[in-house]
Amino acid sequence: MFQNIELAPRDPILGLSEAFRADANPQKINLGVGVFQDEAGTTPILATVAEASRRIVASQTTKSYLPITGAPEYAAAVQELTFGAGHEVLTSKRAATAHTPGGTGALRVAGDFIANNLPGASLWLSQPTWENHGAVFAAAGVPTKNYAYFDKATNGLAIDALLADIRTMPAGDVILLHGCCHNPTGIDPTSAEWKQIAAAVRERGLLPLLDFAYQGFGVGIVEDAAGLREFCAPGAELLICSSFSKNFGLYRERVGAITLVAANAKECAAAESQLKRCIRTNYSNPPAHGAEIVKTILTDSALRTQWEGEVAEMRQRIHAMRSLLVKKLAEKGARGNYEFINRQQGMFSFSGLTPPQVDRLRDEYAIYMVGSGRINVAGITAKNVDRLCEAIVAVTR
Ligand code: LMR
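Residues numbered from 1 in each chain as written. Predicted model: local features only at pLDDT ≥ 70, side-chain atom pairs only at ≥ 80, totals over all residues. Heavy atoms only, no water.

Enquirer: When you look at the overall build of the protein chain in this model, what are you seeing that I'm missing?
Expert: Across its full length, the protein chain carries 14 helices and 13 strands. The C-alpha atoms of the protein chain give 21 Å as radius of gyration, which agrees with the globular expectation for 397 residues (21 Å, within 12%). In terms of its C-alpha atoms, the protein chain occupies a principal-axis envelope of roughly 60 × 55 × 55 Å. Burial analysis of the protein chain (397 residues in total) assigns 54% to the buried set. (Helix = DSSP H or I, 4+ residues; strand = E, 2+ residues; numbered from the N terminus. Rg over C-alpha atoms; globule rule 2.2 N^0.38 Å. Buried < 20%, exposed > 50% of the residue type's maximum accessible area, 1.4 Å probe, protein only.)

Here is the structure:
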């Protein structure tokens, strides 16, 4: 039965980790998958996560199923983190949150929800966007289209082209925006631009879907939610796909959430019931441990304060590596001005390296990055930055 099945291509991001692991070069550098690494090149378990995990294991009394949408206490904690305590969407009871296996799980549930409940809707993706977005929505049967985002000339946001594209989108379509720390470009709208985008989306009658995977990695935990909150005007509808892989370092625990905001409480209840059908026919109900960790940390004031400090530390390390990269590239005599890298936010830098240059870095220097030229800045350390910059200078000469 399987004899005619063709070999699928490697995943453009996770496939890099497989290739990196197989590389015997002791000087290899992994700037591929978006995973935080500390100065020693390891991805640590946060102290708050270890403590919460200990408490949960010591006190849990059952391994019975969770509800289809996960524990209500987790949903409440996620909503408070996303909107801020006392936000109108919460007091009006027009938001529903379901715990999903990671941010990717949230996106797939969103895809199924759109396919089942918004017939005919297309989903618009920024050009460029996360490599997996198109495939996730295609798997759910949602057609995708692209809107302008990146301005190569300025290494900035193509705001005029973006707004012009929004004005051509048919009412009833869905537009996916990155809540902060755009993946892969690291370029986020300013607060004035978020207001313009939200107004254009509203005027056009589009449903915004916010992919929110890096809260706290840009400017701060509250600041990074400001763009998203522009879409929460009274009566406005939206979908949010959150991930806690990065800001809690819970990658392998697969903990995320989908939040839908409806115009009012009645419509919210109906939409949530459809969300539950999507989940039940996919993975039935979510795995508990990661979400219990997130809930424990967010609802314990000492752990929460400590966690906010841990997020700030990760953010500051990434900012420091960004500046170091720019400085070292200049010192090593790199062609051109890489100052734009300092203006990017989050874990990634869109380096401008071309696919052939990325291939040479991998094949000749054992330096791994995504084909688009996306660098995981958290993979840079004081130890590997010289070798990295010398290799970049060599392949761009
Ligand atoms: C990334 O963009 O590298 C991360 O979101 C990990 C992934 O699943 O691709």
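Enquirer: What am I meant to see in helix α2 (residues 47–59) here?
Expert: Since one α-helical turn is 3.6 residues long, residues separated by three or four positions face the same way. Between its terminal C-alpha atoms α2 stretches 19 Å, which fits the 18 Å expected from 13 residues at 1.5 Å a residue. Looking at α2, one finds that the buried residues are Thr-48, Val-49, Ala-52, Ser-53 and Ile-56. The buried residues of α2 occupy an angular sector of 130° when projected down its axis, which confines them to one face. With respect to the buried face of α2, the exposed residues turned more than 90 degrees away are Arg-54, Val-57 and Ala-58. Packing partners of the buried residues in α2 comprise α11 (289–299) and α12 (301–331). (Expected span 1.5 Å × (residues − 1). Arc of directions from axis to C-beta. Contact = heavy atoms within 4.5 Å.)

Enquirer: Is there a simple way to think about the domain arrangement of the protein chain in this case?
Expert: Interface size, as often reported, equals the accessible area lost upon joining of the parts. Domains assigned within the protein chain are domain 1 (14–44 + 315–396) and domain 2 (65–299). Here the C-alpha centre of domain 2 lies 28 Å away from the C-alpha centre of domain 1. The interface is formed by 19 residues belonging to domain 1 together with 22 residues belonging to domain 2. Interface of domain 1 and domain 2: buried area, both sides summed, is about 1600 Å²; carbon and sulfur atoms make up 58% of it. (Domains from an automatic or database assignment. Buried area = accessible area lost by both parts, 1.4 Å probe.)

Enquirer: Would you mind going over the site of the ligand with me for this structure?
Expert: Contacts to the ligand come from Ile-13, Val-33, Gly-34, Trp-130, Asn-183, Tyr-214, Lys-246, Phe-348 and Arg-374. In the environment of the ligand, an oxygen atom lies 3.2 Å from a nitrogen or oxygen atom belonging to the side chain of Lys-246. Grouping the constituent residues of the shell around the ligand by class yields five nonpolar, two polar and two charged. (Near = heavy atom within 4 Å. Polar contact = N/O pair within 3.5 Å; in protein donor to acceptor, adjacent residues only side chain to side chain. Nonpolar A, V, L, I, M, F, W, Y, C, P; charged D, E, K, R; others polar.)

Enquirer: For this particular structure, what's the right way to read the packing of helix α7 (residues 159–166) against helix α8 (residues 191–204)?
Expert: When two helices pack together, their arrangement is given by the angle between the helix axes and by the axis-to-axis distance. Following both chains from N to C, one finds α7 and α8 inclined at 15°, their axes separated by 9 Å at the closest point. Considered as vectors, α7 and α8 are oriented roughly parallel to each other. Considering the relative orientation of α7 and α8, their crossing is right-handed. Of the residues in α8, those in contact with Ile-159, Leu-162, Leu-163 and Ile-166 of α7 are Glu-193, Gln-196, Ile-197, Ala-200, Val-201 and Arg-204. Its residues assigned to classes, the contact of α7 with α8 shows seven nonpolar, one polar and two charged. (Axes fitted to C-alpha atoms, helices over the stretch in contact; angles between N-to-C directions. Parallel < 35°, antiparallel > 145°, perpendicular 65-115°, else oblique. Left-handed = near helix turned anticlockwise from the far one by under 90°.)

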